[in-house]
Amino acid sequence: MTTMTEGSVREFKMPDVGEGLTEAEILKWYVQPGDTVTDGQIVCEVETAKAAVELPIPYDGVVRELHFPEGTTVDVGTSIIAVAVGDAAAAAAPVQEAAPEPAEAPAAQAPAPAEAEEKKPEGRQPVLVGYGVATSSTRRRPRKSPGAPAQEASAAIQAEMNGHGPVTRERPLAKPPVRKLAKDLGVDLATVVPSGPDGVITREDVHAAVAPATAPAEAPEAAPAATPAPAVPAPAVSYDTARETRIPVKGVRKATAAAMVGSAFTAPHVTEFVTVDVTRTMKLVEELKQDKEFTGLRVNPLLLIAKALLVAIRRNPDVNASWDEAAQEIVVKHYVNLGIAAATPRGLIVPNIKDAHAKTLPQLAESLGELVSTAREGKTSPAAMQGGTVTITNVGVFGVDTGTPILNPGESAILAVGAIKLQPWVHKGKVKPRQVTTLALSFDHRLVDGELGSKVLADVAAILEQPKRLLTWA
C-alpha cells in the first residue's frame, strides 16, 4: 500500500494485516529519518487486534519522515512513513537534519558512485504482508564534511534519546512522546515516579509531577488581591499513582472487549453443566504417554477432551453451525475448526485447529502442541484466529471448578473444562476417591435448542467417563 507524491517521495500506508482489521498500533520503529532502506526490509512492528506483525517496505530509498511515534494507533490505509526514492533519495538526508553551515549542504548531497549502488539482498523470505524480508540491515548515508565527528556524536546522543542507541548511563524509561512532554513542561524525568510496566514513565506520571509544583506557584499571585483565592482544580489526567494504575485499552484487549460485548448482547446464551468421573480418562492419558505413537508429543487431558467434543459434534452435527443475520439462515458447517482459548502476555486469544475433525489422535496432539507454543511466544498469525466453529476454554488450569463462558463471535458453542480433583464418588455401589471434573457448555439458543445442547454435553461427559466410546462412537 504505497502512494507516489511530488518529488519522488513514496508514502507507505498501514496495510490490513488480518482480514478486515481497521487499525493497528505501532509498537516499534526499526528505522529513523535519513536511514537507507531496501526492498523487503523490516521497518516497524505493529500490533493488531489479533497479533504482532513486522512490516517490510516494498522499495528502495531513504526514510524521509516517520508520521507517527511508537505507541500510536493508526487506521488502516493511513500513511505511516515517507520514503524518498530515485533522484529524491540523494536529497532526503539533509531534509531531516539542519546543516551547521550552508556551505556543507552540497557535499552532503553528493554520495560517492560506489555508495549509490547497493547490492541487492539475497535470501528473501515470505512474510505475512509486503514483499519479503531482506537480509540487509539499516545503513546511515555517509556525510562528508569537516564536522563529521561532531555530527556523529550528536546523532549518537539523539539516537540514545529516541531509544535507538546504546545507553551509557542509567536513564529513566519513557517513550519519546513522553520525553517531549516532560521537556515542554520543564519536568526532570529523573524525579518522576514511574507507574507503567517495568518502570516506564507515562504521560500521567509527568502530569502528576507537574501538579504539586503548579499549586504553590499560584498562591503568591492571589495574595495582593485581598480576595479569597479560588480553589485550583486538579488536572483531569492527574491521579494517585500509588493507589491506581491506568492501562490504555488497545490491541488484543480492545478487540476482546468488543467481541465479548457484541457476542453477549447478540447471541442469547444458555449454559448447561455436568459433573463427571474422569478417572478412566486420566488413566488413558498416562498410558498414551508411554505409547510410541505419541513420542515427542504432549499428551494431557485436554487432548482427550478435544477428541471427545469432536466425536460429540459428529454425533450431533447441527450444533456445528452459525447464524447468518443478513440472509436469515442457519449455516451448518461440515468441518470443525476447533478453537482453543489461550492466555498470552497480550491478552486472551482463540486460535483454532483447522479441520480438526479429520485428524487422528496423534495429529491432534501435534496440532495442539504447536498452537499452544505459538500462542505463548506471541507469534500466532491473524489467519490462525479466523474461521473457528466451536471452542474449548480450560479454566481448570487456574484451579477453578467451572464457569459460564461467552461464545466466540460467529460460533455456536463453547465448552469450559473445570479443574480435575480427587473427590468422593459413588463407584460400583461404594464411595471411593475418584478423579472428578465439571463441564459447562454455552451455546447460541437461536440455533441450538435445549435438547441438542444437552445431547452434546452428555456425549462429551459419557466419553470422558468411558473413553472406550471413542472407538465405539467414532
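Check the entry above for the structure.
These remarks concern the structure in this document. Bear in mind the structure is a predicted one, so any value in this text is a computation, not a measurement.

Secondary structure assignment for the protein yields 12 helices and 23 strands. Here the protein holds 474 residues, and 39% of them are scored as buried. Restricting to contacts in the protein with at least 6 residues of sequence separation, those with at least 24 account for 61%. In the form shown here, the protein has an accessible surface area of approximately 25600 Å², with 55% of it arising from carbon and sulfur atoms.

Looking now at the sheet that holds strand β5 (residues 42–47). The 4 strands are arranged β6-β5-β3-β8 in an open sheet whose pairing can be described as antiparallel. Edge positions in the sheet fall to β6 (52–56) and β8 (73–75), since each has one partner strand and no second. Ignoring which end each strand starts from, the neighbouring axes of this sheet average 40° apart. Examined bridge by bridge, strand β3 (residues 23–29) and β5 share 4 bridges and lie antiparallel to one another. What sits directly across from W29, in β5, is C44.

So, on to the nonpolar core. Judged by nonpolar contacts, the single largest core of 47 residues is most densely connected at L303, L309, L338, I392, L415, L439 and V460. Those elements that place two or more of their residues in this core are α8 (279–289), α9 (301–315), β16 (338–340), α10 (361–376), β20 (390–394), β21 (413–417), β23 (430–444) and α11 (450–465). Ranked by residue count, the leading element in this core is α9, at 11 residues. Counting residues in hydrophobic clusters, the runner-up holds 21 residues, among them I26, V31, V37 and I81.

Looking now at the pattern of salt bridges. Applying the stated rule across the entire model yields 9 salt bridges. One salt bridge connects E377 with K379, and the closest N-O pair in it is separated by 3.9 Å. Comparing E377 with K379, the two get one shared label, exposed.

Let us look at the pairing of β23. The pairing of strand β13 (residues 269–277) with β23 spans 9 bridges and is antiparallel. Bridging across to β23, D277 finds its partner in V436. Two strands pair when backbone bridges link them, and β21 and β23 are joined in this way by 5 bridges, in the antiparallel orientation. Following the sheet pairing, V417 is matched in β23 by L439. Where strand β22 (residues 421–427) lies against β23, 7 bridges are found, and the strand directions are antiparallel. Across the sheet, P424 pairs through a bridge with P433, a residue of β23.

By the element assignment, G388 lies in the loop between α10 and β20. By relative accessible area, which is 14% here, G388 ends up buried. Along the backbone, G388 and P351 are 37 residues apart, and their C-alpha atoms lie at a distance of 7.8 Å. Not counting the four nearest positions on each side in its chain, G388 is found in contact with N337, N352 and E411.

The next subject is α9. The terminal C-alpha atoms of α9 lie 21 Å apart, and with 15 residues this matches the ideal 21 Å at 1.5 Å per residue to within 8%. Most of α9 is tucked away, with 12 of its 15 residues classed as buried.

Below, the discussion takes up the pairing of β21. Counting buried residues in β21 gives 5 out of 5 residues, a clear majority hidden from the surface. Covered by surrounding structure in β21 are A413, L415 and V417 together with I414 and A416, the residues of both alternating faces. Sheet topology places β20 next to β21; 5 bridges connect them, and they run parallel. The residue of β21 that forms the bridge with V390 is A413.

As a further point, take the environment of H207. Here H207 shows up in helix α6 (residues 203–222). Exposure remark for H207: the relative accessible area of 27% places this residue in the partly exposed category. The sequence separation of H207 and L181 amounts to 26 residues, and the corresponding C-alpha distance is 9.0 Å.

The phi torsion of most residues other than glycine is negative, and most of the peptide bonds are trans. Backbone geometry places D355, a non-glycine residue, at a positive phi of 50°. In this fold, D355 is placed in the loop between β19 (352–353) and α10. Taking relative accessible area as the criterion, D355 reaches 38% and is therefore assigned partly exposed. Of note in the backbone geometry, K428 takes a positive phi value of approximately 55° without being a glycine. Looking at the secondary structure, you find K428 in the loop between β22 and β23.

Their axes nearest at 10 Å, the elements α9 and α10 cross at an angle of 120°. Accordingly, the angle class assigned to the pair α9 and α10 is oblique. The two elements α9 and α10 cross, and the hand of that crossing is right-handed. Here α9 contributes L302, L303, L304, A306, K307 and L310 to the contact with α10, which in turn contributes L361, L364, A365 and L368.

In this section: a positive patch on the surface. A cluster of like positive charges, contributed by K283, K428, K430 and K432, occupies part of the molecular surface. With respect to the helices and strands, the residue K430 is situated in strand β23. On the basis of relative accessibility, which here comes to 55%, the residue K430 falls in the exposed class.

So, how was this worked out
Residues numbered from 1 in each chain as written. Predicted model: local features only at pLDDT ≥ 70, side-chain atom pairs only at ≥ 80, totals over all residues. Heavy atoms only, no water. Helix = DSSP H or I, 4+ residues; strand = E, 2+ residues; numbered from the N terminus. Buried < 20%, exposed > 50% of the residue type's maximum accessible area, 1.4 Å probe, protein only. Contact = heavy atoms within 4.5 Å. Areas by Shrake-Rupley, 256 points an atom, 1.4 Å probe, with all protein chains shown as cover. Pairing = 2+ DSSP bridges. Axes fitted to C-alpha atoms, helices over the stretch in contact; angles between N-to-C directions. Core = buried A, V, L, I, M, F, W, Y, C linked by side-chain atoms within 4.5 Å. Salt bridge = Lys/Arg side-chain N within 4 Å of Asp/Glu carboxyl O. Expected span 1.5 Å × (residues − 1). Parallel < 35°, antiparallel > 145°, perpendicular 65-115°, else oblique. Left-handed = near helix turned anticlockwise from the far one by under 90°. Patch = residues over 30% accessible without salt bridge, like charges linked within 9 Å, V, L, I, M, F, W, Y side chains within 5 Å. Lys, Arg positive; Asp, Glu negative; His and termini not counted. Charge placed at Lys NZ, Arg CZ, Asp CG, Glu CD.

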